[in-house]
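Chains, contacts and geometry: an overview
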Amino acid sequence: VENKLKLGDRATLLRVTPSQAEACFANRKTMLGSCKLIVDSQVCSDTDIKALAIQLIEHYEDIFAIALPSVIYEADIPAIRDFLSLVAPVMTIEVNSWDTWQLAKESNATMIAGEGLAVLNALAAKHLASLACQAATVSCEIDADQLEALCDNAETPLILTIFSYPALMRTRAVLPDG
């Protein structure tokens, strides 16, 4: 990954769910063009790990990274470890929390820092690079002055989201229905 795009250039990455990724693979030429995917794996204890891994590995040439969830539960850790044992040898893993960073590190994965570990300054990006992250995602809360300073001073590759539906809240608490 290297910083080579300018504002206004065509996007090179698309963030999708596994089902959206399947549609992209089926219609590759019309849906992807030269874009690569960041696939939100949505791995949890209920996930069919083997089937998901096979689906993603079959299309590794179209995938930039596989994103791990930003909130995980203790019951999900074995499933995530199993998933990483299958995909980490061949694919880049996007880590979105210190928990997922630790699991990816244990699996010797090539890592990038995702939205859950987003940065606002070059020092934060440099720190993530020192922790083996090949790229850092710029925070969606960054303002124009901060973005300019970050781009001027960053020694590490950056990923800038230009459009998304960000989560407004993440919690481990069980919320009441309604």
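To be clear, the structure that these remarks concern was listed above.
Conventions we followed
- Residues numbered from 1 in each chain as written.
- Predicted model: local features only at pLDDT ≥ 70, side-chain atom pairs only at ≥ 80, totals over all residues.
- Heavy atoms only, no water.
- Helix = DSSP H or I, 4+ residues; strand = E, 2+ residues; numbered from the N terminus.
- Rg over C-alpha atoms; globule rule 2.2 N^0.38 Å.
- Buried < 20%, exposed > 50% of the residue type's maximum accessible area, 1.4 Å probe, protein only.
- Pairing = 2+ DSSP bridges.
- Right-handed = clockwise from strand over helix to strand, strands pointing away.
- Core = buried A, V, L, I, M, F, W, Y, C linked by side-chain atoms within 4.5 Å.
- Arc of directions from axis to C-beta.
- Axes fitted to C-alpha atoms, helices over the stretch in contact; angles between N-to-C directions.
- Parallel < 35°, antiparallel > 145°, perpendicular 65-115°, else oblique.
- Left-handed = near helix turned anticlockwise from the far one by under 90°.
- Contact = heavy atoms within 4.5 Å.
- Nonpolar A, V, L, I, M, F, W, Y, C, P; charged D, E, K, R; others polar.

Quick look at the overall build of the protein
Along its length, the protein carries seven helices and seven strands. In sequence order, the secondary structure elements of the protein are arranged as β-α-α-β-α-β-α-β-α-β-α-β-α-β. Over its C-alpha trace the protein gives a radius of gyration of 16 Å, about what one expects of a compact globule, namely 16 Å for 178 residues. With respect to the three principal axes, the spread of C-alpha positions in the protein is 45 × 40 × 40 Å.

Concerning the pairing of strand β6 (residues 133-137)
Counting buried residues along β6, four of its five residues qualify, which places the element largely inside the surrounding structure. Bridge analysis of strand β5 (residues 111-113) against β6 gives two bridges, and the strand direction is parallel. Each residue of the ladder has a partner; that of Ala 113, found in β6, is Ala 136. Assessed by its sense of winding, the connection that carries the chain from β5 through helix α6 (residues 122-130) to β6 is right-handed.

Focus: the nonpolar core
Side chains of a nonpolar character, in soluble globular proteins, are inclined to be buried together. Counting residues in hydrophobic clusters, the biggest one holds 44 residues, and the most contacted among them are Leu 37, Leu 56, Ile 66, Phe 83, Ile 93, Val 95 and Leu 150. Sorting elements by how many residues they give to this core places helix α4 (residues 77-87) first, with five residues. Counting seven residues, the second largest nonpolar core, distinct from the first, contains Ile 38, Phe 64, Ala 65 and Ala 135.

Digging into α6
Buried residues of α6: Ala 122, Ala 125 and Leu 128, and no others. All buried residues of α6 project into a common sector of 120° when viewed along the axis, lining one side. What points out from α6, more than 90 degrees from its buried face, is the exposed set Leu 123 and Ser 130.

A look at the packing of α4 against helix α5 (residues 98-106)
Relative placement of two packed helices is described by the angle separating their axes and the distance separating the axes. At a minimum axis distance of 10 Å, the contact between α4 and α5 shows a crossing angle of 40°. When the axis of α4 is compared with that of α5, the two are oblique. Helix-helix and strand crossings are classified by hand; for α4 and α5 the assignment is right-handed. On α5, the residues that touch Ile 77, Ile 80, Arg 81 and Leu 84 of α4 are Leu 103, Ala 104 and Glu 106. A per-class count over the contact of α4 with α5 returns five nonpolar, no polar and two charged.

Re the pairing of strand β3 (residues 63-67)
For a regular strand, the rule is simple: side chains alternate between the two faces of the sheet. Within β3, five of the five residues are buried, leaving the element largely enclosed by the surrounding structure. Strand direction decides the pairing type here: strand β2 (residues 36-40) and β3, joined by four bridges, are parallel. Bridging from a neighbouring strand, Asp 40 pairs with Ala 67 of β3. Assessed by its sense of winding, the connection that carries the chain from β2 through helix α3 (residues 49-58) to β3 is right-handed. With two bridges connecting them, β3 and strand β4 (residues 93-95) associate as parallel partners.

Some details on the sheet that holds β2
Read from one edge of the open sheet, seven strands run β1-β2-β3-β4-β5-β6-β7, paired in parallel fashion. Every other strand in the sheet has two partners, leaving β1 (13-16) and β7 (158-159) as the edge strands with one partner each. Across the face of the sheet, α5 comes into contact with β4, β5 and β6 while running at roughly 150° to β4.

Thoughts on unusual backbone geometry
In this structure, Gln 42 takes a positive phi of about 55° despite not being glycine. In this structure, Gln 42 sits in the loop between β2 and α3. Using a relative accessible area of 48% as the deciding quantity, one classes Gln 42 as partly exposed. Here Ala 132, not a glycine, exhibits a phi torsion of approximately 80°, which is positive. Looking at where Ala 132 falls in the secondary structure, it is placed in the loop between α6 and β6.

All quantities given are derived from atomic positions and should not be read as evidence of function.
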